[in-house]
Amino acid sequence: MNRNNWLLLKHGIVIDPSQGIEQEPMDILVEDGRISAIGHQIPPPGSADSGEILDLTGKWVVPGLIDIHVHLREPGQEYKETIETGTRAAAAGGFTAVASMPNTSPPNDSAEITRSILARAKEKGSCRVYPVAAITKGQAGESLTEFGDLLDAGAIAFSDDGLPVSDAAVMRLAMEYSLNFHALIISHAEELSLSRNGCMNLGNVSTRLGLRGIPAAAEEIAIFREIKLAELTGARLHIAHVSTKGSIEIIRRAKEQGVRVTAESAPHYFTLTEEAVEGYNTFAKMNPPLRTEQDREAIIQALADGTLDAIATDHAPHDILEKECEFEAAANGIIGLETALPLTLELVEQGAITPLRMVELISTAPASIIRQDGGSLKQGSPADITVIDPETEYEITRDLFRSRSFNSPFLGRRVRGRAALTICQGRITHQLSR
Amino acid sequence: MEQLKIRHILGLRDMSAEEIGFILDTAESLKPILHRHIKKVPPLRGRTIVTLFFEPSTRTKLSFELAAKRLSADTVGISKSMSSVVKGETLIDTTRNIQAMKPDIIVMRHSMAGAPHLIARHVDCSVINAGDGINEHPSQALLDMLTIRDHFGSLKGLKVAIIGDITHSRVAHSNIIGLQKMGARVAVCGPGTMLPPGLAAEGVEVMMRVEEAIEDADVIMALRIQRERQGLPLFPSQREYARKFGINNRRLRAAKENAIIMHPGPINRGVELAPDVADSGRSLILDQVTNGVAVRMALFSLLIAESGDERSPDMERQV
């Protein structure tokens, strides 16, 4: 807490899946970085000048949003994003924690790099940073990194994100070894021999645009492999950025059979389709690629019914030079931290998910997948809190972004709803000026 | 129609049937120039056309350059090995620099789909796509359509069979789009490894046997095939391709009696086309090449007329 000893959030509409609170007007008292009380008509704990009271009438108060799939680009690609700018973007988007993917340069495959990321986050960060370490040394897909050492240094999961672990035997070893540490394996599921050379979804649109396509099967085959290996080894598996209907069917069946698997999708997969590539729009290029309307609908359905556990952005900042070029040569990925909340609120507005389910998808479930604090407003929890103004309408513009990059296909989109206030460990990290 | 509405020739996808017809009519009217003793007229005198070929080409590049010279335009050409692209300059910077030297038209071939569309957004002059990746090759399809129209009088109601590597052929893509817009039926056939998704949805008849594709066809267009595309062989052997997908006289019996044979070149003799078919009276392959110059002359004159400057009085007389 800045100058204040306490912070009292009055009259907000609390939504907290961890306590089954669904849109109930309540007060929350924050003291010493923790939630010291949640209830009705909480009195201020001291005189008016020793703390601050915020009237949040009409606002939603939810556990801090958690994005378990973010590229902060530091070390090595600071021209795209830094831990400082990336976490500032996170706070502005309502996030109190992000998991940072290891495909930096050098990749996060050693305790030393993990520690340097955490030190940097402590010094410059506006939210919690949970480093995800590489599964294999140099993300080369060959030999395992030192899982034990990396976890001791603060890594929270393992992934070769950006690159799949091509060799099934290596993935099997990783899963077997993860058992010693109860570690989470996050899979970027892609069968490279099928996706290679492709730059968008394979289908009618790729034929129309004369672009080489990536079949849905490239993702589905890889997810099926990971699930079978998780079944074989008993490892805890999380599937990143699910984009196809077929993938969802495979995950649904695995869950029914009791495989320990969770999965996420990203706002662009439930908002856009391959049609967005029209005109060779490099801001609509990512991996996995945008798919068809059927896939989009299946993802929304899976977010609602629990087949998909979480929404994560795959925030992937790139410099404009890497996007303002030939489509086939353009970098994969878009930024997402500052657009995730309004895009997810579109699902609520459409009636596809309830506000409670939304908070579960973007806060409670991500916390439980990575087994970290957060995702709850229970008394005694760390004060990671997001206040949402669900009504404010605005256009997504470049100057809105705190991220160092602006590679977003949502520029120019009219949206509704925004983080009005973000509190991380009791500290205000973002406040919308009125 | 007196003028083109579009400023660039990026693909037949962006053109209406009316515009395609107008270009073909204009090409038709320019064709006599190619048969004179002195094959040069003045309408584009003082105009500059830059050809930027980032992929190897002999006939297309030559055809564009001859077309420009027939109309008295000045042409300058750059190929990839001579350009600053090899020094690491971006495509946008390269074309902006060329733009700064004030050409009227840039003709570009590039290995990546959408590259001409990208530069068209960054330059003031007109851009002609001379082939972008596996996307489109609009001037080739226009010359093919001109050849067919010359022979049959119209494209409407004809059946055109395109045989070969449909996935990787920008010629096939532009022809499919253009022919359908002009009222022709299109059937395709080739190895399953070379048939992209989504064609049936666009109204193309996708056949697995060549005989079915060319049944009752008025036009048979064979495409150049390459066995290896980015590593993996897409069919087992040229021998088997010739046996199962090559156009020979026996197979041609399924087509209409007066059917014509076309090929965008260069031909793998004995693979896509049996030699006696390629050289037969029904082969219009060399007419395609001649018509290529006429079509490109039409594109140049129409784009420059459209560019808004004073319309040359010479041109009024010629066109």
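Above this note sits the structure.
Keep in mind it's a predicted model, so treat the numbers as computed, not measured. (Residues numbered from 1 in each chain as written. Chains lettered and ligands numbered in written order. Predicted model: local features only at pLDDT ≥ 70, side-chain atom pairs only at ≥ 80, totals over all residues. Heavy atoms only, no water.)

Asker: Account for unusual backbone geometry, naming residues and giving values.
Answerer: Residues and elements named next belong to chain A. Here the amide bond leading from Ser105 into Pro106 is cis, since omega sits at 0°, within 30 degrees of zero. Structurally, Pro106 is set in the loop between β7 (95–100) and α2 (111–124). The amide bond that connects Asn287 to the next residue, Pro288, takes the cis arrangement and shows omega of 0°. Inspection of the secondary structure assignment puts Pro288 in the loop between α9 (267–271) and α10 (293–305). The phi angle at Gln41 is positive, at roughly 50°, despite the residue not being glycine. Take Gln41: it is sitting in the loop between β3 (34–39) and β4 (51–55). A positive phi angle, near 50°, is found at His182, a position not held by glycine. Along the polypeptide, His182 turns up in the loop between α4 (168–178) and β10 (184–187). Its relative accessible area of 61% is what places His182 among the exposed residues. (Helix = DSSP H or I, 4+ residues; strand = E, 2+ residues; numbered from the N terminus. Buried < 20%, exposed > 50% of the residue type's maximum accessible area, 1.4 Å probe, protein only.)

Asker: Describe the sheet that holds strand β6 (residues 185–189) of chain B, and please don't skip the residues or the numbers.
Answerer: Residues and elements named next belong to chain B. Taken in spatial order, the five strands make up an open sheet running β7-β6-β5-β8-β9, and their pairing is parallel. Because the sheet does not close on itself, it has two edges, and the strands there are β7 (205–207) and β9 (260–262). On average, each strand axis in the sheet is inclined to that of its neighbour by 20°, with strand direction left out of account. Bridge count for strand β5 (residues 159–163) against β6 is five bridges, and the pairing is parallel. Along β6, the bridge assignment pairs Ile163 with Cys189. (Pairing = 2+ DSSP bridges. Axes fitted to C-alpha atoms, helices over the stretch in contact; angles between N-to-C directions.)

Asker: Before we move on, could you go through the packing of α4 of chain A against helix α7 (residues 216–233) of chain A and cite the residues and values that matter?
Answerer: All names here are of chain A. One way to put it is that α4 packs onto α7 with a least axis distance of 10 Å and a crossing angle of 40°. Between α4 and α7, the angle is such that the two are oblique. Like other packed secondary-structure pairs, α4 and α7 cross with a definite hand, here right-handed. Each of Ala168, Met171, Arg172, Met175 and Glu176 in α4 lies in contact with α7, whose residues at this interface are Arg225, Glu226, Leu229, Ala230, Leu232 and Thr233. (Parallel < 35°, antiparallel > 145°, perpendicular 65-115°, else oblique. Left-handed = near helix turned anticlockwise from the far one by under 90°. Contact = heavy atoms within 4.5 Å.)

Asker: Could you give an account of the interface of chain A and chain B, with specific residues and numbers?
Answerer: Facing 18 residues of chain A, the contacting portion of chain B comprises 24 residues. The largest share of the area that chain A buries against chain B comes from Arg212, Tyr280 and Glu326 of chain A, three residues that together contribute 34% of it. On the surface where chain A and chain B come into contact, there are one salt bridge. One salt bridge connects Arg13 of chain B with Glu278 of chain A, and the closest N-O pair in it is separated by 2.3 Å. Applying the counting criterion to the chain A and chain B interface returns six residue pairs in polar contact (both at pLDDT 80 or more). (Buried area = accessible area lost by both parts, 1.4 Å probe. Salt bridge = Lys/Arg side-chain N within 4 Å of Asp/Glu carboxyl O. Polar contact = N/O pair within 3.5 Å; in protein donor to acceptor, adjacent residues only side chain to side chain.)

Asker: I'd like a rundown of the packing of aromatic side chains, residues and numbers included.
Answerer: Any two aromatic rings considered together are summarised by their centre-to-centre distance and by the angle between their planes. Residues and elements named next belong to chain A. On inspection of all chains with the given rule, the structure shows seven aromatic pairs over all chains. Between Phe147 and Tyr177 the ring centres are 5.4 Å apart and the planes differ by 45°, which places this aromatic pair in the tilted class. Placement of the pair is Phe147 in helix α3 (residues 147–153) and Tyr177 in helix α4, with a sequence separation of 30 residues. With a centroid separation of 6.2 Å and an interplanar angle of 80°, the aromatic rings of Phe283 and Phe406 are classed as edge-to-face. A residue pair is termed long-range when its members are at least 10 positions apart, and Phe283 in the loop between α9 and α10 and Phe406 in the loop between β16 (385–395) and β17 (414–424) qualify at 123 residues. For Lys285, the ring lying beneath its charged end belongs to Phe327, and the centroid distance is 5.5 Å. The ring of Tyr394 has Arg418 lying over it, and the distance from NZ or CZ to the ring centre is 4.8 Å. (Phe/Tyr/Trp six-rings, centres within 6.5 Å; stacked < 30°, edge-to-face > 60°. Lys NZ or Arg CZ within 6 Å of the ring centre and 35° of its normal.)

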